[in-house]
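The lines below spell out each chain.
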Amino acid sequence: MDDILSLLCTCVERGKVNRKSPHPADLRDHDGADELTKKAVEMGIAPQTILQDGLIRGMHTVGERFRNKQIFVPDMLMSARAMVSGMEHLKPFYISNAIQTKGTMIIGTVKGDLHDIGKKIVAMMITGAGWNVVDLGTDVPTDKFIQALKEHPNAVVGLSALLTTTMLNMEQTVAEIKKMSSTTKVIIGGAPVTKEFALKIGADAYSPDPQGAVEFLNALPARTN
Amino acid sequence: MEIFSGNEIYRSSPEIKPVDFNIEMFYQHLGYSTGAVPGFVVDFVQTAIQHIPTMIAPQWTISILQESVVVFDKKSMTCGNQQFHTEPIITKRLRTASTVAFFVCSIGKQFEEWSKHETDSGDLLKGYILDLIASEVVEGVADQMELQLDEIISGRGWKRTNRYSPGYCDWSVSEQHKLFSFFPPHPCGVSLTDSALMLPIKSISGVIGLGPNAIRKDYECSLCNLEHCFMRRNPASQNSAIL
Ligand code: B12
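Below: a short report on this structure. Predicted model only: the values in this text are computed from it and were never measured.

Calculation criteria
Residues numbered from 1 in each chain as written. Chains lettered and ligands numbered in written order. Predicted model: local features only at pLDDT ≥ 70, side-chain atom pairs only at ≥ 80, totals over all residues. Heavy atoms only, no water. Near = heavy atom within 4 Å. Polar contact = N/O pair within 3.5 Å; in protein donor to acceptor, adjacent residues only side chain to side chain. Helix = DSSP H or I, 4+ residues; strand = E, 2+ residues; numbered from the N terminus. Nonpolar A, V, L, I, M, F, W, Y, C, P; charged D, E, K, R; others polar. Buried < 20%, exposed > 50% of the residue type's maximum accessible area, 1.4 Å probe, protein only. Arc of directions from axis to C-beta. Contact = heavy atoms within 4.5 Å. Pairing = 2+ DSSP bridges. Axes fitted to C-alpha atoms, helices over the stretch in contact; angles between N-to-C directions. Buried area = accessible area lost by both parts, 1.4 Å probe. Salt bridge = Lys/Arg side-chain N within 4 Å of Asp/Glu carboxyl O.

## Topic: the site of the ligand
Item 1. Around the ligand, the surrounding shell holds 41 residues, and the nearest of these are A:His115, A:Ser160, A:Thr164, B:Met198 and B:Lys202.
Item 2. Neighbouring residues of the ligand are not confined to a single chain but are spread across chains A and B.
Item 3. Backbone polar atom of A:Thr164 to an oxygen atom of the ligand: 2.8 Å apart, as the coordinates give it.
Item 4. Note that a nitrogen atom of the ligand is positioned 2.8 Å from one of the backbone N or O atoms of B:Ile201.
Item 5. Breaking the shell around the ligand down by element, the ones donating at least two residues are helix 5 (117-127), strand 3 (156-160), strand 4 (186-189) and helix 10 (210-218) of chain A together with helix 6 (124-154) and strand 11 (203-211) of chain B.
Item 6. Of the residues forming the shell around the ligand, the biggest block, five residues, is contributed by helix 6 of chain B.
Item 7. When its residues are assigned to classes, the shell around the ligand shows 26 nonpolar, 13 polar and two charged.

Take a look at the structure:
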């Protein structure tokens, strides 16, 4: 059992999606995350174990390597592809509750801003860490965050902005969220955002990269959706 | 050339070929400064850049102001009835000039839409690479624009400074609203939202100082205080012309 999970973990780390995929060259004609997850399910390994000790463990290493500049965004996204291909086989177990997510993250780019990709990369890495992600898209007004929070009252909120002008809109969104529910945690990010700004507007955290968001979420007390 | 509110307006729509795209530099900007670029990146970049001629519509518009309307002090620049708070770092560099040219460059929205399409259909990897290619191309368009400006000013005995953009070195991004007032509406098809976001996204605006004593410097990464910039982290790109 450990063997197949270690292999699965390696496939995620190296971005090996399935048998057909030519990348990485030294794993050509080997099973990828797709086949290995399917096999692990067929072997009767608990879905939660496959997720945690195979896919999530792999993505954790990927996040750390990215932070240490050992790999770059394309590598990270290739690993995410591998992870998603494995996740497909685990979907039924989410519905039957055999897999519990760690919690829900509501994420969006704030009002006035249309930048999407950086936020989507963060969302992908958070999914890869075992969280359910509700992505509200771009140009998201405060009301929409509040509405989503009503649907997922225990969720953590992530806000993104790429311009200093739109970054200012974070302040109002954070204030409204905290007014509705003072215990809701908010993390913010995007190129112009700083730790000082996060402190000033009453957000709980700032991270320059996806890994910091994952670490922040994982350090929170266990929660339900 | 046309005249708009007393300013000389020049427009151009250059052609860009795949060979104009500096792939090595692009890989460095992706982070791969050591040369070990994964095959899947190389394959996709090679395919994507073949679409540059059909999917990218590079354009720029330049607005050259008369010398008599431009006045500098230590941290601002007044152009006619508009005062720009260019702040000390940029103003110091512009002050070597006797007038300025404002510019807007864009590559249109088609490439951006392609990237969005890939991203929305779940292929974040392709979406990301396309997005960065588009960013790189618009920078290249701005470089070409500077060369056209050289031609325009060559007969006048002028030189030029580097280009500087609102949103950099403490010059507020919202001052783009003032900058756009020096152009006829929607230069290069670019519009500006209330939050000073240019649409299409892959667009650049800025200013260049012109005059007999204008000084151009090598690109200075150290000017910028963006702590977590991935360009800064990559020493290989420090001398490249990123904005
Ligand atoms: C490439 C680039 C461009 C390109 C493309 C821009 C684009 N928006 O697509 C071009 C050349 C066109 C450009 C233009 C401009 N740019 Co520009 N650009 C950049 C640059 C170098 C990289 C941006 C990028 O593509 N990053 C890659 C993506 C994937 O990263 P990301 O979105 O930041 O997301 C990552 C993190 O931020 C984080 N993150 C993101 N969201 C969240 C959310 C949470 C919760 C967390 C935890 C983390 C997180 O994780 C993501 C993944 O790693 C940045 C500087 C930098 N190093 O970031 C400046 C930058 C964004 N640009 C800037 C500016 C000012 C401009 C212009 C206004 C300049 C001008 N006057 O022309 C224009 C605006 C264009 C417009 N449409 O309005 C400023 C913005 C700040 C400000 N002052 O407002 C920056 C920050 C540079 C600076 N001066 O400090 N730009």
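## Digging into helix 5 (residues 110-120) of chain B
Owing to its 3.6 residues per turn, the α-helix brings residues three or four apart onto one side.
Item 1. Regarding helix 5 of chain B, the residues found buried are B:Phe111, B:Glu112, B:Trp114, B:Ser115, B:Glu118 and B:Thr119. One side of helix 5 of chain B carries all its buried residues, which in axial view fall inside an arc of 160 degrees.
Item 2. In the core, the buried residues of helix 5 of chain B are packed alongside helix 5 of chain A together with helix 2 (39-49), helix 3 (52-55) and helix 6 of chain B.
Item 3. Positioned one or two residues after helix 5 of chain B, B:Gly122 has a phi angle of 100 degrees, which is positive.

## A short note on unusual backbone geometry
Item 1. A cis amide bond links A:His23 to the next residue, A:Pro24, at an omega of -15 degrees.
Item 2. Mapped onto the secondary structure, A:Pro24 falls in the loop between helix 1 (2-14) and helix 2 (33-42).
Item 3. Omega for the peptide link from B:Leu199 to B:Pro200 comes to -5 degrees, which places this bond in the cis form.
Item 4. Of note, B:Pro200 is situated in the loop between strand 10 (198-199) and strand 11.
Item 5. In this model, A:Lys69 sits at a positive phi of 60 degrees, which is unusual for a non-glycine residue.
Item 6. For A:Lys69, the position within the fold is in the loop between helix 3 (47-67) and helix 4 (73-95).
Item 7. Unlike most non-glycine residues, A:Asp139 shows phi in positive territory, near 50 degrees.

## Observations concerning the sheet that holds strand 6 (residues 82-84) of chain B
Two modes of strand pairing occur in sheets, parallel and antiparallel, and in both the strands are linked by backbone hydrogen bonds.
All names here are of chain B.
Item 1. If you trace the three strands from one edge of the open sheet to the other, you get 4-5-6, paired in antiparallel fashion. If you trace the sheet from one side to the other, it starts and ends with strand 4 (70-72) and strand 6, each paired once. In this sheet, neighbouring strand axes are inclined to one another by 20 degrees on average, regardless of whether the strands run parallel or antiparallel.
Item 2. Of the strand pairs in this sheet, strand 5 (residues 77-79) and strand 6 are connected by three bridges, and their pairing is antiparallel. Counted as the bridge partner of Thr-78 is Gln-83 from strand 6.

## Details of the environment of B:Trp60
All names here are of chain B.
Item 1. Relative to the assigned elements, Trp-60 resides in strand 3 (residues 59-64).
Item 2. When the C-alpha positions of Trp-60 and Lys-217 are compared, they lie 23 Å apart, and in sequence the two are 157 residues distant.
Item 3. In this structure Trp-60 touches Tyr-10, Arg-11, Ser-12, Pro-14, Val-104, Cys-105, Val-141, Gln-144, Met-145, Gln-148 and Cys-188, once residues within four positions along its chain are discounted.
Item 4. Within the structure, the side chain of Trp-60 is placed 2.5 Å from the side chain of Gln-148, a separation counted as a polar contact.

## Overview of the interface of chain A and chain B
Item 1. Taken together, the contacts link 25 residues of chain A with 26 residues of chain B.
Item 2. In total, about 2,200 Å² of surface goes out of reach between chain A and chain B, with carbon and sulfur atoms giving 73% of it.
Item 3. Sorting the residues of chain A by area buried against chain B places A:Phe72, A:Pro74 and A:Ile117 first, and these three jointly supply 24% of that buried surface.
Item 4. The closest approach of N and O atoms between A:Arg81 and B:Asp123, which form a salt bridge, is 2.9 Å.
Item 5. Taken together, chain A and chain B are joined by five residue pairs in polar contact (both at pLDDT 80 or more).

## A short note on the pairing of strand 2 (residues 7-12) of chain B
Residues and elements named next belong to chain B.
Item 1. Looking at chain direction, strand 1 (residues 2-4) and strand 2 are connected through three bridges and run antiparallel. Its bridge partner lying in strand 2, Phe-4 is registered against Asn-7.
Item 2. Remark: two residues form the turn of the hairpin made by strand 1 and strand 2, two consecutive strands paired antiparallel; Ser-5 in that turn has positive phi of roughly 50 degrees.
Item 3. Of the pairings in the sheet, the one linking strand 2 to strand 3 comprises five bridges and is antiparallel in character. The partner of Glu-8 across the bridge, within strand 3, is Ile-64.

On their own, these measurements won't tell you what the molecule is for.
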